[in-house]
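# Understanding the architecture of this molecule
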2 protein chains.
Amino acid sequence: MDINAVVGKNVKHHREAKGFSQEQLAFEADLHRTYISGVERGVRNPTVLIIAKLADALGVKPSKLLELEE
Amino acid sequence: MDINAVVGKNVKHHREAKGFSQEQLAFEADLHRTYISGVERGVRNPTVLIIAKLADALGVKPSKLLELEE
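This write-up is about the structure you can find in this document. Note that the structure is predicted; figures quoted are calculated from it, not measured. (Residues numbered from 1 in each chain as written. Chains lettered and ligands numbered in written order. Predicted model: local features only at pLDDT ≥ 70, side-chain atom pairs only at ≥ 80, totals over all residues. Heavy atoms only, no water.)

## Points about the interface of chain B and chain A
- In this assembly, 15 residues from chain B lie in contact with 15 residues from chain A.
- The three residues of chain B that bury the most area against chain A are Ile3, Val48 and Leu66 of chain B, which together make up 41% of that side's buried surface.
- Run the count over chain B and chain A and you get 0 salt bridges.
- In this assembly, chain B and chain A are joined by 8 residue pairs in polar contact (both at pLDDT 80 or more).
- Residue contributions to the side of chain B that touches chain A peak at 4 residues, all from helix H4 (residues 48–58) of chain B.
- Of the residues that constitute the side of chain B that touches chain A, the class distribution is 9 nonpolar, 4 polar and 2 charged. (Contact = heavy atoms within 4.5 Å. Buried area = accessible area lost by both parts, 1.4 Å probe. Salt bridge = Lys/Arg side-chain N within 4 Å of Asp/Glu carboxyl O. Polar contact = N/O pair within 3.5 Å; in protein donor to acceptor, adjacent residues only side chain to side chain. Helix = DSSP H or I, 4+ residues; strand = E, 2+ residues; numbered from the N terminus. Nonpolar A, V, L, I, M, F, W, Y, C, P; charged D, E, K, R; others polar.)

## Topic: the side chain of Asn10 of chain A
- Assignment of secondary structure puts Asn10 of chain A in helix H1 (residues 3–17).
- The residues contacting Asn10 of chain A, other than those within four sequence positions of it, are Lys64, Leu65, Leu66, Glu67 and Glu69 of chain A.

## Brief notes about the relation of the copies chain B and chain A
- In screw terms, the move from chain B to chain A is a rotation of 180 degrees and a rise of 0.0 Å along the axis, fitting with an RMSD of 0.0 Å. Viewed as a symmetry operation, the transformation between the two copies matches a two-fold axis. Measuring from the rotation axis to each C-alpha of chain B, the shortest distance belongs to Thr47 of chain B, at 1.9 Å.
- A share of 100% of the interface residues of chain B reappears at the interface of chain A, consistent with the copies meeting face to face through the same patch. (Least-squares fit on C-alpha atoms with pLDDT ≥ 70 in both.)

Spelled out as structure tokens, the structure:
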């Protein structure tokens, strides 16, 4: 799986585990909802700083968002 | 520590553990040596795809490069 698809899957998984909508995550991470949507679909190639913002809003370590979970 | 500084520290650590010069890592990851230097100094904000290329060249998982090691 492409690394951006891995990130997208993880963001969606942790967002849903927190019961957040894409709007809520966007607000918490100070990003746009359409950007969150693009990340989750694996069509965005976020920077490390964006990964850190998403991880912080989701309450996980940044490295967690890059892990391929089985 | 800023996340880009964490990445820089990890890249340098794993590069030296492999006995690679910055030139060698640049060649293996298909990046420019000055870019590697900037990443190691924490002044670059690499994308997830760049993290994957660096990790692949260093023989570690991408998530490893974002981990704050004690």
